[in-house]
Amino acid sequence: MYTQGLDQTEPLGEDDLSRLSERFESKVAAEQKVEPTDWMPDAYRTLLTRQIAQHAHSEIVGMLPEGNWLSRAPSLRRKGILLAKVQDEAGHGLYLYSAAETLGVTRDELVEQLLAGTAKYSSIFNYPTLQWADVGAIGWLVDGAAIMNQVPLCRCSYGPYARAMVRICREESFHQRQGFEVMTVLAQGSPAQRAMAQDALDRWWWPSLMMFGPPDAESTHNDRSMRWKVKRFTNDELRQKFVDMTVPQAHYLGLTIPDPDLSYDGEYWRFGEPDWAEFKRVLTGDGPCNRERLAARNKAHDDGAWVREAAVAHADKKRARAVAS
Ligand SMILES: [Fe+2]
Ligand SMILES: [Fe+2]
């Protein structure tokens, strides 16, 4: 049992626990932020650690599909933009690992779990980027879905997570716009470019809808997450908002959403059911690129060993100099 925020090392009695738990619940209900030094239920700590870690891993692995196109971007301008975007994602991963560390886990532990293949990250990054328009579709759809998921997290009850999300969301919105701009240029281009844009939409549409997680009826964490104000909307609510935002954008581009069941009921865009069996397969390690992504992360980690060693040696030297002076 964690006892942060208490002036005692004695085990907590039943009365103490229920008093602390009541205080915690009323704080969350009053929309006050929970901070790292506050007492919190173990289940809240576990839930937040899992969610922030998965989010951090997704940012880090998310660099890989687009990173594939850094050397092949069609112009210097596109290369510069893509480089900045991929670098932003690395920054997001780092803020989030730091946020997770405030809950008592270390970044080394989390990185180890990712490299060992025991940690989860967003299933979307296990799909390949086969052609240039995929970079546009990722910005437009994947970053678009990320914004839909993450804007409400700026009001998450856990302070360090909520604060990290404010900056992340601003950057995600730039990512979404650059993706939409890539798609706009292609959609207004030659027939071959339009076909490329349509092909990217065809392949990224359904995985993007899966980014909101399983349907509410099957989601095990929704209730508690909502009560503790970690989540503000359910998976299905967010998925619907995303579809309602994105369908008119696809129409503006003159592209077709690959869903024969798509129809407008006067208020919402109704859509077909994603292939949840595929979602589970990809999430449990059997997607098109799961093995490739893990291998690339492990290689990058091994290749970067000398940088970490040099940084530690430099810090040691600085410390020794400070002690000597
Ligand atoms: Fe990001
Ligand atoms: Fe992004």
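So, here is what we can say about the structure in this document.

Cut-offs used in this document
- Residues numbered from 1 in each chain as written.
- Chains lettered and ligands numbered in written order.
- Predicted model: local features only at pLDDT ≥ 70, side-chain atom pairs only at ≥ 80, totals over all residues.
- Heavy atoms only, no water.
- Helix = DSSP H or I, 4+ residues; strand = E, 2+ residues; numbered from the N terminus.
- Buried < 20%, exposed > 50% of the residue type's maximum accessible area, 1.4 Å probe, protein only.
- Donors = N, O, S within 2.8 Å, 3.2 Å for Na, K, Ca; no water.
- Tetrahedral: all angles 85-135°; square planar, octahedral: opposite > 155°, others 65-115°.
- Core = buried A, V, L, I, M, F, W, Y, C linked by side-chain atoms within 4.5 Å.
- Contact = heavy atoms within 4.5 Å.

## Some points on unusual backbone geometry
Among all residues except glycine, the phi angle is most often negative; among peptide bonds, the trans geometry is most common.
At step 1: Positive phi values are uncommon outside glycine, yet glutamate 31 reaches one of about 65°.
At step 2: With respect to the element layout, glutamate 31 can be found in the loop between α1 (14-29) and α2 (42-61).
At step 3: You will see that lysine 229, though not glycine, has its phi angle at about 55°, which is positive.
At step 4: Relative to the helices and strands, lysine 229 is located in the loop between α9 (222-227) and α10 (235-253).
At step 5: On the basis of relative accessible area, lysine 229 is assigned to the buried category, the value being 19%.

## Here we look at the coordination of the iron ion (ligand 2)
At step 1: Within the protein, Glu89 (OE), Asp143 (OD), Glu172 (OE) and His175 (ND1) serve as the donor atoms for the iron ion (ligand 2), at 1.9 to 2.2 Å.
At step 2: Taken together, the four donor atoms coordinating the iron ion (ligand 2) span angles of 87 to 158° at the metal, a pattern that classifies the geometry as irregular.
At step 3: The distance between the iron ion (ligand 2) and the iron ion (ligand 1) is 3.4 Å, with glutamate 89 acting as a donor to both metals. Of the two residues, glutamate 172 and histidine 175 are both situated in helix α7 (residues 159-187); the distance of three residues between them amounts to about one turn of the helix.
At step 4: A residue is classified by how much of its surface remains accessible, and histidine 175, at 0% relative accessible area, is buried.

## Topic: the coordination of the iron ion (ligand 1)
At step 1: Distances from the iron ion (ligand 1) to its protein donors, namely Glu59 (OE), Glu89 (OE), His92 (ND1) and Glu172 (OE), fall within the range 2.0 to 2.2 Å.
At step 2: Geometry at the iron ion (ligand 1) is irregular, judged from its four donor atoms and the angles of 87 to 141° they form at the metal.
At step 3: Read from N- to C-terminus, the donor residues coordinating the iron ion (ligand 1) fall into the pattern E-x29-E-x2-H-x79-E.
At step 4: By relative accessible area, glutamate 59 is classed as buried at 5%.

## Side note on the nonpolar core
At step 1: If you look at the biggest cluster of nonpolar residues, it comprises 83 residues, and the most contacted ones within it are Leu48 and Tyr158.
At step 2: Take this core: its biggest share by element is 11 residues, from α7.
At step 3: The contacts of leucine 48, once residues within four sequence positions are left out, are Leu103, Cys156, Tyr158, Tyr161 and Val230.

Without other data, these values stay purely geometric and don't point to any function.
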